Amino acid sequence: MKIKQTSFLFIALLNLFSFQLLAQNTVIKAGHFFDARSGKMLDNQVIIIENGKIKNVGANLKINKTDTVIDLSDSWVLPGLMDCHVHITSNLSYRKRNWNDVDVTESNALRAIRGSVVAKQFLDNGFTTIKEIGNDANYATADIIKAINKGWIQGPTIIYAGKIIAPYGGQSWGVNPEHEHFWDWEYIDADTPKEIIKAIRKNIYYGATTIKMVTGDNGIYDAEDIKVAVTEAKKYGLKVTVHVKMGGQEATNVIAGGAAAIEHGFGLDNTQLQLMKDKGTFLVGTDLAFDNWYAYGFDSAKSKSWVNIDVDRLKRAYAIGTKMAFGTDIVIDLPGLNRVQSNLKILENWKLAGIPPSYILQCMTTNAAELLGIEKERGVLAPYYYADIIALKNNPLNNIEAIKTVQFVMKEGKVIRRD
Ligand SMILES: [Zn+2]
């Protein structure tokens, strides 16, 4: 009997001890704190983190002796950033782009290995969520996501499109009939509502959490086709985003069909941008900077004219009030720069368009989270949200380029980087 009592006491003590372990929070002292909802910078905030999520945020919160304190008093603290248009497994040669080469010479395994390296670059540079939007070989990213979830590698939260759904031919051109299925590596041909539905179900089966379509590169989808896709994806809680390179009828069809976003849309006119605003269609502009266009092999004059197109469309979309989410679409690393450094060149265009830094940050946080359907989990630093938190050396509201000065990254409460 006595032995039993002792073991009860022991278990009770053990429980008390583990309770205390659980009660130990991580606390961040933020000298400057970006409130993503209002777009304003607040001073001297305390963030309390428990089990990977934010428990409380405020100016005068009590810090317990048992808490682990991370002092970021001299930093600018923000929610983790989001890039809504990336291709982590793809890389084309500088000024020598050739997709056909990549498809023939790079295996799915090699693509997945590259993707895992690039995914870590995103995380280390402050991007805690990305939307991986196709061109990832034979579902290479699905394995990267599994490896992250197993804890084998570190990476951001990945919202994943699987294979790109497109009218016959994907985004290929000039392929001879003997190699008709060449593009199946990265695309699913879908030319009828039935084929669109089947393609969506196939992507979901292999791990997709968003649906990406392409229109206008080969065939053009009708508004009805887009509507079929939106309805089917919605059954599983997924959104549909559509690549439209320029604008025209294909863009009008996408907006009318109720897609969540247009990717690129370099040639959208003001009527279309207004229609997008009215319908809540996001623009993920992927506004490549001069160096990025030049990397594609265009000469200086052509690269410059692309920049003018980007900046003009960015300005018009901002003035009209079209909802925007940040997306980069870089698949060519610039000499001496990693993928994220190459991506962030595009900030040059946002600056040329005169977009305020606070709005650019919202495009990378609250707006991005809304487009990705994770606005109740990520994108702001508030109670019940995941503790995806970064800190910068400089004030991004003075100059948006400050997002290149990341010195601290936390992902779901775990410190990934601290300089
Ligand atoms: Zn892209």
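This text goes with the structure placed above it.
Residues numbered from 1 in each chain as written. Predicted model: local features only at pLDDT ≥ 70, side-chain atom pairs only at ≥ 80, totals over all residues. Heavy atoms only, no water.

Caption draft 1: Spatial organisation of the pairing of strand E15 (residues 406-411). In terms of burial, E15 is largely enclosed, as 6 of its 6 residues are buried. Bridge count between strand E14 (residues 389-392) and E15: 4 bridges; the pairing is antiparallel. If you follow Ala391 over to E15, its bridge partner there is Phe408. Relative to strand E16 (residues 414-418), E15 runs antiparallel, the two being bridged by 4 bridges. When the bridges of E16 are listed, Lys411 appears paired with Lys414. (Buried < 20%, exposed > 50% of the residue type's maximum accessible area, 1.4 Å probe, protein only. Helix = DSSP H or I, 4+ residues; strand = E, 2+ residues; numbered from the N terminus. Pairing = 2+ DSSP bridges.)

Caption draft 2: Highlighting the layout of surface pockets. Reported here for the largest pocket is a volume of approximately 820 Å³. Arg97, Trp99, Gln171, Trp173 and Tyr296 are the residues nearest the centre of the largest pocket, which is lined by 30 residues in total. The dominant element in the lining of the largest pocket, judged by the number of residues it contributes, is helix H2 (residues 99-105), at 3 residues. Looking at the lining of the largest pocket residue by residue, the classes come out as 12 nonpolar, 11 polar and 7 charged. Lining the second largest pocket, in full, are Val230, Lys234, Leu238, Lys239, Val240, Ile255, Gly258, Ala259, Ala260, Lys279, Gly280 and Thr281. Considering only residue class, the lining of the second largest pocket consists of 6 nonpolar, 3 polar and 3 charged. (1 Å grid on protein atoms, 1.4 Å probe; cavity = no way out; pocket = protein on both sides within 12 Å on 5 of 7 lines; lining within 4 Å. Points joined across faces, edges and corners; volume = space filled by probe spheres on them. Nonpolar A, V, L, I, M, F, W, Y, C, P; charged D, E, K, R; others polar.)

Caption draft 3: Broad picture of the packing of helix H6 (residues 223-234) against helix H7 (residues 248-257). Interhelical geometry of H6 versus H7 gives an angle of 40° and a closest axis separation of 8 Å. Comparing their axes, H7 and H6 come out oblique. Seen along the crossing, H6 lies across H7 with a hand that is right-handed. Residues Ala223, Ile226, Lys227 and Val230 of H6 form the contact with H7, whose participating residues are Asn253, Val254, Ala256 and Gly257. Counted by class, the contact of H6 with H7 contains 5 nonpolar, 2 polar and 1 charged residues. (Axes fitted to C-alpha atoms, helices over the stretch in contact; angles between N-to-C directions. Parallel < 35°, antiparallel > 145°, perpendicular 65-115°, else oblique. Left-handed = near helix turned anticlockwise from the far one by under 90°. Contact = heavy atoms within 4.5 Å.)

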